[in-house]
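# Chains, contacts and geometry: an overview
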Amino acid sequence: MKSLLKTAVVLGILISFSSCKDNNYPNYQYMPNMYESVAYETYSESTAFNSPTGLHGKEGQLPPDGTIKRGYVPYEFANTPAGYEAAKLNSKSPLDPATIDMKKSQELFEIYCAICHGNTGDGKGKLVTQGKFLGVPNYKDRQITEGSVNHVINFGLNSMGSYANQLNQTERWMVAAYVMKLKAQ
């Protein structure tokens with residue numbers, strides 16, 4: 001009886017091993033796309049995001065309407081002369097004047113602005129004295145406010161480009177406060 005039981009167990013094990021192996025058909029894969037992924041050509045168009053809108057895979061890369069990127073604070077004034085005038089009259093710094101670090105504001109001004117506007121805001125920076133740019137105004141000769149200075153830093157004006165990528169919103173307001181300090185001196 002024991003030998004019959006041993007023979008049956010050995011025969012069962014042999015049958016189970018031989019039944020799992022089939023060279024013509026591989027074993028069942030639980031997630032076949034994980035084992036055999038589709039090869040894509042690098043930098044080629046993909047049909048992964050195709051839709052009836054005809055954007056050819058671009059709609060999956062576009063942000064939803066009404067969203068803003070993380071860390072970005074919308075600026076409510078347009079890049080127009082009317083927007084400049086509105087910012088000049090209505091835009092106020094969200095920073096508390098008592099807590100603004102004027103030393104840091106001066107450093108930012110000297111890094112980004114003094115090359116053209118001069119360290120004292122007289123419009124005689126290094127590029128102006130070398131003749132690279134002409135007509136940079138003296139702050140004391142202009143009717144400016146913190147809001148108008150911030151607007152110009154955001155969008156640029158005339159020969160001056162935008163510094164919105166170099167300075168975050170807080171730093172732009174700090175520079176605007178420092179410019180107003182230079183104007184008052």
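Scroll up to find the structure.
Here goes a summary of the coordinates provided. The structure displayed is predicted, hence computed values, not measured ones.

## Concerning the nonpolar core
Of all hydrophobic cores here, the largest spans 18 residues; its most connected members are Phe109, Tyr139, Val149, Val175 and Val179. Here the element with the most residues in this core is helix H8 (residues 169–184); it accounts for 8 residues. Ignoring sequence-local partners within four residues, the contact set of Val149 consists of Ile144, Ala176, Val179 and Met180.

## Focus on the side chain of Ser91
Summarising the element assignment, Ser91 is placed in the loop between helix H3 (81–90) and helix H4 (102–112). Overall, the relative accessible area of 7% leaves Ser91 in the buried class. Residues contacting Ser91, with those up to four places away along its chain left out, are Phe77, Ala86, Gly147 and Trp173.

## Regarding the packing of aromatic side chains
As enumerated under the stated definition, the model contains 5 aromatic pairs in all. Every member of this aromatic cluster is reached through a ring pair, and the members are Tyr75, Phe77 and Phe155.

## A short note on the packing of helix H7 (residues 146–155) against H8
Where H7 contacts H8, the two axes come as close as 9 Å, and the packing angle between them is 130 degrees. Between H7 and H8, the interaxial angle falls into the category oblique. For the pair H7 and H8, the sense of crossing is right-handed. Contacts from Glu146, Gly147, Val149, Asn150, Ile153 and Asn154 in H7 reach Arg172, Trp173, Val175, Ala176, Ala177, Val179 and Met180 in H8. Here the contact of H7 with H8 is built from residues that sort into 8 nonpolar, 3 polar and 2 charged.

## Some details on the side chain of Arg172
Considering the arrangement of structural elements, one finds Arg172 in helix H8. This buried residue, Arg172, is left without a salt bridge; Glu171 holds the nearest opposite charge, at 7.3 Å. Of note is the side chain of Arg172, whose polar atom sits 2.8 Å from the side chain of Asn154. Aside from chain neighbours lying at most four places away, what touches Arg172 is Asn150, Ile153, Asn154, Ala164 and Leu167.

Conventions adopted
Residues numbered from 1 in each chain as written. Predicted model: local features only at pLDDT ≥ 70, side-chain atom pairs only at ≥ 80, totals over all residues. Heavy atoms only, no water. Core = buried A, V, L, I, M, F, W, Y, C linked by side-chain atoms within 4.5 Å. Buried < 20%, exposed > 50% of the residue type's maximum accessible area, 1.4 Å probe, protein only. Helix = DSSP H or I, 4+ residues; strand = E, 2+ residues; numbered from the N terminus. Contact = heavy atoms within 4.5 Å. Phe/Tyr/Trp six-rings, centres within 6.5 Å; stacked < 30°, edge-to-face > 60°. Axes fitted to C-alpha atoms, helices over the stretch in contact; angles between N-to-C directions. Parallel < 35°, antiparallel > 145°, perpendicular 65-115°, else oblique. Left-handed = near helix turned anticlockwise from the far one by under 90°. Nonpolar A, V, L, I, M, F, W, Y, C, P; charged D, E, K, R; others polar. Lys, Arg positive; Asp, Glu negative; His and termini not counted. Salt bridge = Lys/Arg side-chain N within 4 Å of Asp/Glu carboxyl O. Polar contact = N/O pair within 3.5 Å; in protein donor to acceptor, adjacent residues only side chain to side chain.

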